[in-house]
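# Analysis of the macromolecular model
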Amino acid sequence: MITVDQLKEVLEREQALRGYLDVDAKIIQLEEEEIRTQDPDFWTDNKAAEEQMKIIRGLKGWLSGYNKVKAAVEELQLAFDFQKEGITSEEEVDEVYNQTIEILEDMELKNMLRREEDKLGAVLKVNSGAGGTEGQDWASMLFRMYQRWCESKGYKVTITNFQEGDEAGIKTATIQVEGDFAYGYLKSENGVHRLVRVSPYNAQGKRMTSFASVFVVPLVDDTIEIEVNMGSITWDTFRSSGAGGQNVNKVETGVRLHYKYKDEETGEDKEIVIENTESRSQFGNKDNAIRLLKSQLYDMELERRSRMQSAVEAGKKKIEWGSQIRSYVFDDRRVKDHRTNYQTSNVNAVMDGDIDGFIKAFLMEFGADV
């Protein structure tokens, strides 16, 4: 049975969340934004009108989420009072408490995703590290893990590039993830992932360590203007590999985009290379490769702006995207995140896409800084 102090804490968190979300201001803003849609010429400019509707949907989403929290907290208060009167059991109150905490924590987590890019979809790429077949198998396991996680969230997933390993697994693979706040959640996965296990590819049955890197950038949409110098793009074509239609491995439908540019900060000449094999047509792959290029350029601009901001206060833990972030130790039944120290012994669940605990721990500790 929950205590009075636990109930009090939930009530305080609900009020704090109301303040963080600035609910009263959002209610007023929603009314003002909806009034604008009543203009007889509102739909004359379809693009501007859709932008306005997007603002309204966003405000309604935040208010709906908060109202769900408020309703759950009120139900918990009622259940607690009824238990004192003998109307409900202690077990029923505990069940309502657990449900309320889950709803409250979900909204608190979403509140950490305040940056403009957090609400966008994501482009997630997995590359195998050193280790040959073992490393390529590990990369495919990670890729599957993220696909399973996306499926559990109801996100639309499109494989845009897939290169099989020499004997098993993958060398590299990329997916587009479309859905609200996909980037905000998945940005926590950026970095190097380490596997320790008794390898099925080692004849001596030795314990081996493998690495795979994960890169996540925001998926830009039509509302974001990214300037691309088309004259700086060159193309290669190649035969696609992996699962696909009748054209796969017969015609050169795969494309490789080369984009050369000058770094504004260093003056160095640099190049971005993007491969796309999603479509059965070369034309379709070129279109999507340009979209992926825009996503990468957008992410680079975000990083540039971040570097220009004032340095974070002394003593705050630094996030190194390229560093080892998590270890998956199969025979010890342990997955541990080295940034937050969050860990679990349910390795199978993690590999089946249950990574919400890691995402939440990361965002609650670093969400305001990344």
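It should be emphasised that the depicted structure is a prediction, and the values quoted were computed from it without experimental measurement.

## A word on the overall build of the protein
If you tally the helices and strands in the protein, you get nine helices and 11 strands. Taking the principal axes of its C-alpha atoms as reference, the protein extends roughly 75 × 70 × 50 Å. Out of the 370 residues in the protein, the part that is buried amounts to 44%. Here the protein displays about 20,000 Å² of accessible surface, and carbon together with sulfur accounts for 46% of that area. Charge separation in the protein, taken as the distance between the mean sites of 49 positive and 68 negative side-chain charges, equals 6 Å.

## Section: the pairing of strand E1 (residues 121-128)
With respect to burial, E1 is a largely interior element, six of its eight residues being buried. Alignment of E1 against strand E5 (residues 207-219), held across eight bridges, turns out to be antiparallel. The residue of E5 that forms the bridge with Val123 is Val217. As defined by bridge partners, E1 adjoins strand E3 (residues 170-178) across six bridges and the pair is classed as antiparallel. For Val123, the partnering residue across the bridge sits in E3 and is Gln176.

## Observations regarding the packing of aromatic side chains
Within this structure, the stated rule accounts for nine aromatic pairs. Seen in terms of ring centroids, Phe143 and Phe162 are 6.1 Å apart; in terms of plane orientation they differ by 55°. Their pairing is tilted. Here Phe143 is found in helix H5 (residues 133-153), whereas its partner Phe162 is found in strand E2 (residues 156-164), with 19 residues between them in sequence. Centroid distance Tyr259 to Tyr261: 6.2 Å. Interplanar angle 20°. Geometry classified as stacked. Tyr261 shares its class with Tyr259; the two are buried. What links up through ring pairs into an aromatic cluster is the set Trp149, Tyr155 and Tyr185. Residue placement shows Lys110 over the ring face of Trp62; its charged tip is 4.7 Å from the ring centre.

## With respect to the side chain of Lys110
Its location among the elements puts Lys110 in helix H4 (residues 90-111). Although Lys110 is buried, it forms no salt bridge, and the closest oppositely charged side chain is Asp180 at an N-O distance of 6.6 Å. Not counting residues within four places of it along the chain, the set of residues in contact with Lys110 comprises Gly61, Trp62, Phe181 and Tyr185.

## Examining the pairing of strand E8 (residues 269-276)
Working note: regular strand, side chains alternate between the two faces of the sheet. As paired strands, strand E7 (residues 254-262) and E8 are joined by eight bridges and run antiparallel to one another. Residue pairing in the sheet places His258 in a bridge with Val273 of E8. Connecting E7 to the antiparallel partner E8 that follows it, the hairpin turn spans six residues, and Gly267 within it adopts a positive phi of roughly 80°.

## Some words on H4
An ideal rise of 1.5 Å per residue puts 32 Å on 22 residues; H4 measures up with 31 Å between its terminal C-alpha atoms. Three or more residues of H4 are buried, namely Val93, Val96, Tyr97, Thr100, Ile101, Leu104, Met107, Glu108, Leu109, Lys110 and Asn111. Along its buried surface, H4 packs onto helix H1 (4-21), helix H3 (46-84), helix H6 (182-186) and helix H9 (356-366).

## Digging into the confidence of the model for the protein
For the protein, mean pLDDT is 87; residues scoring 70 or higher make up 90% of the total. Considering only residues more than four positions removed or in separate chains, one finds that residues 243-249, a stretch of pLDDT under 50, has eight contacts.

## Side note on the environment of Arg194
Examined against the element boundaries, Arg194 turns out to sit in strand E4 (residues 191-198). A residue is classified by how much of its surface remains accessible, and Arg194, at 24% relative accessible area, is partly exposed. Each residue touching Arg194, except ones within four places of it in the same chain, is listed here: Trp138, Thr209, Ser210, Phe211, Gln324, Arg326, Ser327 and Tyr328. Within the structure, Arg194 has its side chain in polar contact with the side chain of Ser327 (distance 2.9 Å).

## With respect to the sheet that holds strand E11 (residues 343-344)
Strand order in this open sheet of eight strands is E2-E3-E1-E5-E4-E9-E10-E11, and the pairing throughout is mixed. Strands with a single pairing partner mark the edges of an open sheet, and in this sheet they are E2 and E11. Strand contacts of H5: E1, E2, E3, E4, E5 and strand E9 (324-329), with the helix running at about 45° to E5, the strand carrying the most contacts. Its contacts with the sheet put H9 on E9, strand E10 (334-337) and E11, and the angle it makes with E10 is roughly 20°.

So, how was this worked out
- Residues numbered from 1 in each chain as written.
- Predicted model: local features only at pLDDT ≥ 70, side-chain atom pairs only at ≥ 80, totals over all residues.
- Heavy atoms only, no water.
- Helix = DSSP H or I, 4+ residues; strand = E, 2+ residues; numbered from the N terminus.
- Buried < 20%, exposed > 50% of the residue type's maximum accessible area, 1.4 Å probe, protein only.
- Areas by Shrake-Rupley, 256 points an atom, 1.4 Å probe, with all protein chains shown as cover.
- Lys, Arg positive; Asp, Glu negative; His and termini not counted.
- Charge placed at Lys NZ, Arg CZ, Asp CG, Glu CD.
- Pairing = 2+ DSSP bridges.
- Phe/Tyr/Trp six-rings, centres within 6.5 Å; stacked < 30°, edge-to-face > 60°.
- Lys NZ or Arg CZ within 6 Å of the ring centre and 35° of its normal.
- Salt bridge = Lys/Arg side-chain N within 4 Å of Asp/Glu carboxyl O.
- Contact = heavy atoms within 4.5 Å.
- Expected span 1.5 Å × (residues − 1).
- pLDDT = per-residue confidence, 0-100.
- Polar contact = N/O pair within 3.5 Å; in protein donor to acceptor, adjacent residues only side chain to side chain.
- Axes fitted to C-alpha atoms, helices over the stretch in contact; angles between N-to-C directions.

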